[in-house]
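These are the residues of each chain, in order.
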Amino acid sequence: MQRSFIAKNPSVLIFLAILALFTLLVTVMSEGFGVGGISTSFIKTLGKTLCLCLIALAMDLIWGYTGILSLGHFAFFGLGGYMIGMWLMYERTRLIVVDSLANAEIPPTDAEVIDAIGNQIFGVVGSSDFPLIWAFADSLTIQLALVLLVPGLLALIFGWLAFRSRVTGVYLSILTQAMTLALALYLFQNDSGLRGNNGLSGLQNLPGVTASQDHVSLWFFWASAAALGAGYLLCAWLVSGKFGSVIRGIRDNEARARFLGYSVETYKLVIFTLTACIAAIAGALYYPQAGIINPAEIAPIASIYLAVWVAIGGRGRLYGAVIGAAFVSLLSTWFTGGQAPDVNLGFYTIKWVDWWLVLLGLSFVLVTLFAPKGIGGLIDILSDRRAAKEASQ
């Protein structure tokens, strides 16, 4: 009798149970629906952390399992945020404009309303005309579709060009980083259509929703938890079957996988495009909780941080990627948020806000040299010891 996917992968059920328990605990302790033990701002931090865990899963799938060190996945993350941000900003501005013109002696025409919306959104960059890319900003359905279509299409085109040329290794990493840099530099321009360096703001306000931020932050937290759970289930299903065996074979010996008749380029293209879409979903949930998105979020350094998170957590282990992203994200919030006390050495005072990135880089070096399996390797050790103990009984 063939066992089910969950029966063959009990760690998936354990992860989903822990995630569900964590979500329930945070909900009960929140200000919106519970006893108020957790502030709304920290709820948003936890929700954003779950989104970072989701993109870390995508990074682990393409790097840890397929062996492609992409330094451009935060570009897809940012594009997902921009796509949903366009609707949020347009619709919120439209409601403000309509409300302000409601008492006018002469009712405004549709063209006048659109002009007023354009002036409100693009006045900061000296324009009032809607760029072509905002053609569907008034439709939530289309913008949600574009969350997947735009990053997915970019990944498909870039991946097809790179993989058909058989660019591998560090050269491919440089190419993905160059793609990210080019996109960021383009978005910094005022005529990019996305407000240049100003980016899109006010995204935390859901149009037409009168609920307080206490409730809205919880809604996004729930959505982030659900997306992470679904993403983990999808990734675990992919790596547990034949597809997972093939991409691991490509990672370990690409030439042999090609010799055995597998279309290496096709597998790479599929995994590159799929992980880009996962990253875009994570970004679409992240930035409404952050409240703002600008081109600095897509800078190449962000994708490098992503690789560091996965390495610290333990690449090639889905739970390791989640642990690494959650650990570094929350620790970063603690150090850079001024919550970590300064250390006075007498001759010098260590301010963690200034030293956090140094500490993160040092941690990456130490993990690479002395603990290549990362934090997730500790779980492997405990699991192996338990299995050995059960076998000896």
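Right above here is the structure, for reference.
Residues numbered from 1 in each chain as written. Predicted model: local features only at pLDDT ≥ 70, side-chain atom pairs only at ≥ 80, totals over all residues. Heavy atoms only, no water.

Caption draft 1: Representation of the overall build of the protein within the structure. A tally of regular secondary structure across the protein gives 15 helices and 4 strands. In terms of overall size, the protein behaves like a compact globule, its C-alpha atoms giving a radius of gyration of 23 Å where 393 residues would be expected to give roughly 21 Å. With the principal axes as the frame, the protein shows a C-alpha extent of 85 × 60 × 55 Å. Looking at the protein as a whole, 44% of its 393 residues are labelled buried. (Helix = DSSP H or I, 4+ residues; strand = E, 2+ residues; numbered from the N terminus. Rg over C-alpha atoms; globule rule 2.2 N^0.38 Å. Buried < 20%, exposed > 50% of the residue type's maximum accessible area, 1.4 Å probe, protein only.)

Caption draft 2: Structural view of the packing of aromatic side chains. This structure, assessed with the given rule, holds 17 aromatic pairs. Arranged with centres 5.8 Å apart and planes meeting at 85°, the rings of Phe 163 and Phe 272 form a pair that is edge-to-face. In this pair, Phe 163 is assigned in helix α6 (residues 140-164) and Phe 272 in helix α11 (residues 264-290), connecting sequence segments 109 residues apart. What makes Phe 163 buried here is its relative accessible area of 3%. On the basis of relative accessibility, which here comes to 1%, the residue Phe 272 falls in the buried class. (Phe/Tyr/Trp six-rings, centres within 6.5 Å; stacked < 30°, edge-to-face > 60°.)

Caption draft 3: Spatial organisation of the nonpolar core. One finds Phe 74, Trp 134 and Leu 228 to be the most contacted residues of the largest nonpolar core, which totals 106 residues. Beyond its immediate chain neighbours, meaning those up to four positions away, Trp 134 contacts Met 86, Tyr 90, Ile 121, Phe 122, Gly 193, Leu 194 and Leu 200. (Core = buried A, V, L, I, M, F, W, Y, C linked by side-chain atoms within 4.5 Å. Contact = heavy atoms within 4.5 Å.)

Caption draft 4: Examining the environment of Leu 24 more closely. Position of Leu 24 among the secondary structure elements: in helix α2 (residues 10-29). When the C-alpha atoms of Leu 24 and Ala 280 are compared, they prove to be 26 Å apart, with 256 residues separating the residues in sequence.

Caption draft 5: Seen up close, a nonpolar patch on the surface. Together, Val 343, Leu 345, Phe 347, Tyr 348, Trp 355 and Val 358 make up an exposed nonpolar region whose accessible area comes to about 600 Å². Here Tyr 348 is to be found in the loop between β3 (343-344) and β4 (349-350). (Patch = residues over 30% accessible without salt bridge, like charges linked within 9 Å, V, L, I, M, F, W, Y side chains within 5 Å. Areas by Shrake-Rupley, 256 points an atom, 1.4 Å probe, with all protein chains shown as cover. Salt bridge = Lys/Arg side-chain N within 4 Å of Asp/Glu carboxyl O.)

Caption draft 6: Examining the side chain of Glu 91 more closely. By the secondary structure assignment, Glu 91 is in helix α4 (residues 73-100). What makes Glu 91 buried here is its relative accessible area of 12%.

Caption draft 7: Seen up close, helix α3 (residues 40-65). Counted at 1.5 Å a residue, the expected span for α3 with its 26 residues is 38 Å, and the 36 Å between its end C-alpha atoms agrees. Taken as a whole, α3 carries its principal kink of about 30° at Met 59. Buried residues dominate α3, accounting for 23 of its 26 residues. Gly 67 sits one or two residues past α3 and shows a positive phi near 85°. (Expected span 1.5 Å × (residues − 1). Bend = angle between axes of the 7 residues up to and from the residue.)

Caption draft 8: Representation of helix α9 (residues 242-252). Gly 244, Val 246, Ile 247 and Ile 250 are the residues of α9 that are buried. Seen from one end, α9 has its buried residues packed into an arc of 160°, which puts them on one side. Within α9, the exposed residues directed more than 90 degrees away from the buried face are Lys 242 and Asp 252. Those residues of α9 that are buried lie in contact with α3, α8 (213-240), α10 (254-259) and α11. (Arc of directions from axis to C-beta.)

Caption draft 9: Highlighting the layout of surface pockets. Roughly 580 Å³ of internal volume is contained in the second largest pocket. Around the second largest pocket sit 26 residues that line it, and Leu 52, Tyr 286, Trp 309, Ser 329 and Ser 332 are the ones nearest its centre. Among the elements of the structure, α3, α4, α11, α12 (300-313), α13 (318-336) and α14 (352-370) are those that each provide at least two residues to the lining of the second largest pocket. It is α3 that contributes the most residues to the lining of the second largest pocket, 6 residues altogether. Split into classes, the residues belonging to the lining of the second largest pocket amount to 15 nonpolar, 8 polar and 3 charged. (1 Å grid on protein atoms, 1.4 Å probe; cavity = no way out; pocket = protein on both sides within 12 Å on 5 of 7 lines; lining within 4 Å. Points joined across faces, edges and corners; volume = space filled by probe spheres on them. Nonpolar A, V, L, I, M, F, W, Y, C, P; charged D, E, K, R; others polar.)

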